[in-house]
Every structure is written in C-alpha cells, then in structure tokens.
Amino acid sequence: MIVRTTAEITGTERDVASTGWRSKRIILGGDNVGFSFHETTIDAGTVHEFHYQHHVEAVWLIEGEGTLTDLDNDVSYQLAPGSMYLLDGHERHRLEVRTRMRMMCVFNPPVTGQEVHDSNGVYPLVAATIGG
Ligand code: 9YT
C-alpha cells in the first residue's frame, strides 16, 4: 500500500507548473499500477489547447467553471463541479477557464514524470488570457 498527501508532493519534482496551470502528480508510472493520477489546477481567465496523443485521460472537475471544446468534432460543453470528460479518442481539445479549475486526472498509460515538461503526450498548444 502507498499513502501520500498533497503536502508531501508540493514543491517536489512531482509538482509541475507551466503557463496558467499546475499539476501535482500523485501517482506516476513508477508506481507500477497502470495509470497515473494528477491534481491539476488551471488559472481563471486562461485558455489552453491540449492534445494527449498517446494517453487516454479522464478528468473529474472539483472546482471551477468553463468551456470545453472538442476540436476534432467541433462540439462544446459547459463544465462545472461534478463534470467529467473522458478523452477516449485522443481528441484535441480547448479549455476556456472562467473560474479557477481544480480537477483530478487519470492517465492510461501512466505519465512517467520523466517526459520533457510539456510533451508527455501533453501538448499545450496555446495558453492565452480570455479577452487578452
Ligand atoms: C487538465 C489536464 O489535462 N491535466 C493533465 C495533467 C497535467 N497537464 C500534467 O500533470 O502534466
């Protein structure tokens, strides 16, 4: 059994930040359980495009509101606490974050943590400010 706290992860190499977002990687590939598990926070007023070409990802939104757009299929969804989205087709997608989002994310295969910061199958193509 493994027991961890976010306090133990904060400020370590498992705590990764990029423009407008931060992710605490709670479970990584090295834990050998077939998935990774992350707490990601994304700043209010930012817009991000992601494309996880090599991973399936499920996201459970705990805090915050915004708009998710499936760029492959040109469909938008309103997200609020309790919303879940599953990228089972490796869809390119855009997140427009109205209020700070906090979400729990599961990746299969797991992110190892050794990937170059923005290219672990995670491609933040755009990070912009809404209205800016
Ligand atoms: C919201 C989202 O897609 N989070 C992914 C995890 C994060 N980008 C990370 O840990 O690299």
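Residues numbered from 1 in each chain as written. Predicted model: local features only at pLDDT ≥ 70, side-chain atom pairs only at ≥ 80, totals over all residues. Heavy atoms only, no water.

(A) Representation of the packing of aromatic side chains in the model. In total, this model carries 2 aromatic pairs according to the counting rule given. When the ring of Phe50 is compared with that of Tyr52, the centres are 5.8 Å apart and the planes differ by 15°; the resulting orientation is stacked. Measuring from centroid to centroid gives 5.2 Å for Tyr52 and Phe107, while their planes differ by 75°, and the two rings are edge-to-face. Placement of the pair is Tyr52 in the loop between strand E4 (46–50) and strand E5 (56–70) and Phe107 in strand E8 (residues 93–108), with a sequence separation of 55 residues. Taking relative accessible area as the criterion, Phe107 reaches 4% and is therefore assigned buried. Put simply, the rings of Phe50, Tyr52 and Phe107 touch in pairs and so form one group of aromatic residues. (Phe/Tyr/Trp six-rings, centres within 6.5 Å; stacked < 30°, edge-to-face > 60°. Helix = DSSP H or I, 4+ residues; strand = E, 2+ residues; numbered from the N terminus. Buried < 20%, exposed > 50% of the residue type's maximum accessible area, 1.4 Å probe, protein only.)

As far as function goes, none of this settles anything; it's purely spatial.
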